[in-house]
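Overview (structure and organization)
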Amino acid sequence: MVLGALINELPTIEEIYSGAEKSKFFSDPHVKRLWELSGDSTLFSKSPDYLRSLRKTLLRDSLKFFVRHSSFYAELLERLEIDPDAAEYADLVKLAVPSDMLRGNEYRKLLIDDVDEKGFIFSSSGTTSNDPVRVYRSFLELAMMTRANTLLFEYVYGGVLREGAGLALFLAARELRNKLNFVAFVDLALQGKKIKLLYGMDLVKEVSSGSQWQRLVPNKKAIMEFLKSKEEPKLLFTAPAGVHLLTKQFEGMSFVKKLVSKLFAGVPPVHLGTGGVIVTGGGTKGFTDLPPYDVIVENARRFFKARDFEGREAPTPFMDVLGMTETLTALIDKHGVMHKIPHPLQEVFLLDPKSYELVEEPGKEGILGIYDPLAISWLEVFLPGDIMKFVESDRYYGREYVYVRRLTKDEGWDLQRACGGTLEELMSGRSTA
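Conventions used here
Residues numbered from 1 in each chain as written. Predicted model: local features only at pLDDT ≥ 70, side-chain atom pairs only at ≥ 80, totals over all residues. Heavy atoms only, no water. Helix = DSSP H or I, 4+ residues; strand = E, 2+ residues; numbered from the N terminus. Contact = heavy atoms within 4.5 Å. Areas by Shrake-Rupley, 256 points an atom, 1.4 Å probe, with all protein chains shown as cover. Salt bridge = Lys/Arg side-chain N within 4 Å of Asp/Glu carboxyl O. Buried < 20%, exposed > 50% of the residue type's maximum accessible area, 1.4 Å probe, protein only. Pairing = 2+ DSSP bridges. Arc of directions from axis to C-beta. Axes fitted to C-alpha atoms, helices over the stretch in contact; angles between N-to-C directions. Parallel < 35°, antiparallel > 145°, perpendicular 65-115°, else oblique. Left-handed = near helix turned anticlockwise from the far one by under 90°. Nonpolar A, V, L, I, M, F, W, Y, C, P; charged D, E, K, R; others polar. Core = buried A, V, L, I, M, F, W, Y, C linked by side-chain atoms within 4.5 Å. Patch = residues over 30% accessible without salt bridge, like charges linked within 9 Å, V, L, I, M, F, W, Y side chains within 5 Å. Polar contact = N/O pair within 3.5 Å; in protein donor to acceptor, adjacent residues only side chain to side chain. Expected span 1.5 Å × (residues − 1). Phe/Tyr/Trp six-rings, centres within 6.5 Å; stacked < 30°, edge-to-face > 60°. Lys NZ or Arg CZ within 6 Å of the ring centre and 35° of its normal.

**Things to note about the overall build of the protein chain**
Summing up its helical and strand segments, the protein chain has 12 helices and 21 strands in all. Put simply, 71% of the contacts in the protein chain that link residues at least 6 apart link residues at least 24 apart. For the protein chain, the accessible area works out to roughly 18,300 Å², and carbon and sulfur atoms hold 51% of it.

**A look at the pattern of salt bridges**
Going through the model one piece at a time under the given rule, you end up with 27 salt bridges. Lys64 is the partner of Asp61 in a salt bridge, and the nearest nitrogen-oxygen pair spans 3.7 Å. Taken together, the residues Asp61 and Lys64, both in helix α3 (residues 48–69) and 3 residues apart, mark about one turn of the helix. Given the relative accessible area of 23%, Asp61 is considered partly exposed. With a relative accessible area of 29%, Lys64 lands in the partly exposed category. One salt bridge in this structure joins Arg307 and Glu232, with 3.0 Å as the shortest N-O distance. You can see Arg307 sitting in strand β12 (residues 304–307) and its partner Glu232 sitting in the loop between α8 (220–228) and β9 (234–238), a full 75 residues away along the chain. Via salt bridges that share partners, Arg33, Asp61, Lys64 and Asp85 belong to a single interconnected network.

**A few points about the pairing of strand β17 (residues 347–351)**
Burial runs high along β17: 5 of the 5 residues are buried. Judged by which residues are buried, β17 turns out to be covered on both faces: Glu347, Phe349 and Leu351 on one side and Val348 and Leu350 on the other are all buried. Where β17 and strand β18 (residues 366–371) come together, 5 bridges link them in antiparallel fashion. If you follow Glu347 over to β18, its bridge partner there is Tyr371.

**Digging into helix α1 (residues 13–21)**
Ile13, Ile16, Gly19 and Ala20 are the residues of α1 that are buried. For α1, the angular spread of buried residues about the axis comes to 125 degrees, placing them on one side.

**Description of the packing of α3 against helix α4 (residues 71–79)**
Packing of α3 against α4 brings their axes to within 5 Å, and their N-to-C directions diverge by 125 degrees. Taken together, α3 and α4 sit at an angle that is classed as oblique. Note on packing geometry: the crossing formed by α3 with α4 is left-handed. For the pair α3 and α4, contact is made by Leu63, Phe66, Val67 and His69 and by Ser71, Tyr73, Ala74 and Leu77, respectively. In the contact of α3 with α4, the residues fall into 6 nonpolar, 2 polar and no charged.

**Looking at the nonpolar core**
Ranked by internal contacts, the top residues of the largest apolar core, which has 139 residues, are Leu140, Phe153, Phe170, Phe237 and Phe304. The greatest single-element share of this core, amounting to 12 residues, is contributed by helix α6 (residues 139–157). With residues near it in sequence (within four places) discarded, Phe153 still touches Leu161, Phe185, Phe237, Val279, Met319 and Ile332.

**Looking at the sheet that holds strand β13 (residues 313–314)**
On the basis of which strands lie adjacent, the open sheet formed by 3 strands has the order β10-β12-β13 and mixed pairing. Every interior strand has two partners, whereas the edge strands, β10 (270–274) and β13, have only one. Bridge count for β12 against β13 is 2 bridges, and the pairing is antiparallel. Considered in β13, the bridge of Ala306 is made with Ala314.

**Some points on a nonpolar patch on the surface**
A surface patch of nonpolar side chains, amounting to about 700 Å² of accessible area, comprises Phe255, Val256, Leu259, Val260, Leu263 and Phe264. Mapping Phe264 onto the fold places it in helix α10 (residues 255–265).

**As for the side chain of Arg55**
Here Arg55 is to be found in helix α3. Look at Arg55 and you get buried, because its relative accessible area is 5%. At a separation of 2.9 Å, a polar atom in the side chain of Arg55 contacts the main-chain carbonyl oxygen of Pro344. Ignoring any residue separated from it by four or fewer positions in sequence, one finds Arg55 in contact with Tyr89, Pro344, Leu345, Gln346, Glu347 and Tyr397.

**Observations regarding helix α7 (residues 181–192)**
A rise of 1.5 Å per residue sets the reference length of α7, with its 12 residues, at 16 Å; its end C-alpha atoms lie 16 Å apart and thus fit the reference within 8%. Within the sequence span of α7, burial applies to Asn181, Phe182, Val183, Ala184, Phe185, Val186, Asp187, Leu188, Ala189 and Leu190. Phi turns positive one or two residues past the end of α7, at Lys194, with a value near 55 degrees.

**Points about the packing of helix α2 (residues 29–38) against α3**
Put simply, α2 and α3 touch, their axes get as near as 10 Å, and they point 140 degrees apart. Judged by the inter-axis angle, α2 sits oblique to α3. Crossing of α2 over α3 shows left-handed handedness. Contact residues: α2 offers His30, Val31, Arg33, Leu34 and Leu37, while α3 offers Leu54, Thr57, Leu58, Asp61, Ser62, Phe65 and Arg68. In terms of residue class, the contact of α2 with α3 is built from 6 nonpolar, 3 polar and 3 charged.

**What about the packing of aromatic side chains?**
As enumerated under the stated definition, the model contains 23 aromatic pairs in all. A centroid spacing of 5.1 Å and a plane angle of 70 degrees characterise the contact between Phe66 and Tyr73, whose relative ring orientation is edge-to-face. The exposure classification of Phe66 matches that of Tyr73, with both residues buried. By the ring-pair criterion, three or more aromatic residues cluster together here, those being Phe153, Tyr157, Phe170, Phe182, Tyr199, Phe237 and Phe309. Against the face of Trp35 rests Arg147, its NZ or CZ located 3.9 Å from the ring centre.

Shown next, in the form of structure tokens:
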């Protein structure tokens, strides 16, 4: 396997779709089906039983694809005594790898022999002395990632993002889209919808005690453009720390400052308009001095106002994205409406921490495992190092997932966090370059 054309700058959505159609796998019957399913919005109205059966079929077809294209996976399945034609969900337990195995260039060992040579690499934060987790994505995978995640986002959002309508602000630096999966997904999805995206932070390098580190500082021009704009809906993307810090700034304003701010910027409150939403990434799992998420939401709703899709005043909706470097599709929740729900094609499973058996009981905590058939460069079955539980649901997936906590070092887990967690660290100046 040789990677010949890795790029450092996230391609545009047009470049990605063009590159996807030129992929050597685009006409492969299995991949062609995945491509069509990644853009199929009707999956979100199917029954849990239908989707579970579909995912099992895709698992078996996927294993056969990997056997055809990789001597490594052919030998692995034989060694594990997994017959692709008869594979079951329980086999995912044997195939799952801890994300720790993807540090540095280790991801190369898991790529198929004839992987598309033109692609892009996402990485985790690099906040510890260890190498960051890195995952390769071909243009075809990036295209399917964008299509599938956009549909999942719209399902949880509750409506379709109208092309060219509204304005988005991401409290992150533009450079981070070249590294973090969460930032890249938002950027590409909004490009696809032709919705203008502003980056509200700048990434600066500083030197302290002889070491160089990076932190995020506000880009006041971009933030002011967002605040003053009359476009709607307004979409605010941030780590929970970002909206919490903005809320604290509003709370701390004197009467005179509020008057001046209202006069020149029209805030507070910040009017997000019809369909306005705040989308966070990473939960609060890494920022120990933040209030609980529901407190962040309630405090922020005093200063961020939105209207529902019928134009009526309503509590500002909050969505939270659980994604990591390794995930092609995310899990997203809507505060007070639904817990985290995966894309219909993603198989999410929980493992009993002691027996490593699949957890099938609602409310019982387990180690999170994820399998995504849309990844075709490597068999994406992995354990990111999180504890979750599920509740039964009448939505398409039949289950919704509740984040519990990160596994600890004492439990053998020492992984870096990515996406929202990284943003939080950069905002607090905890990250090292």
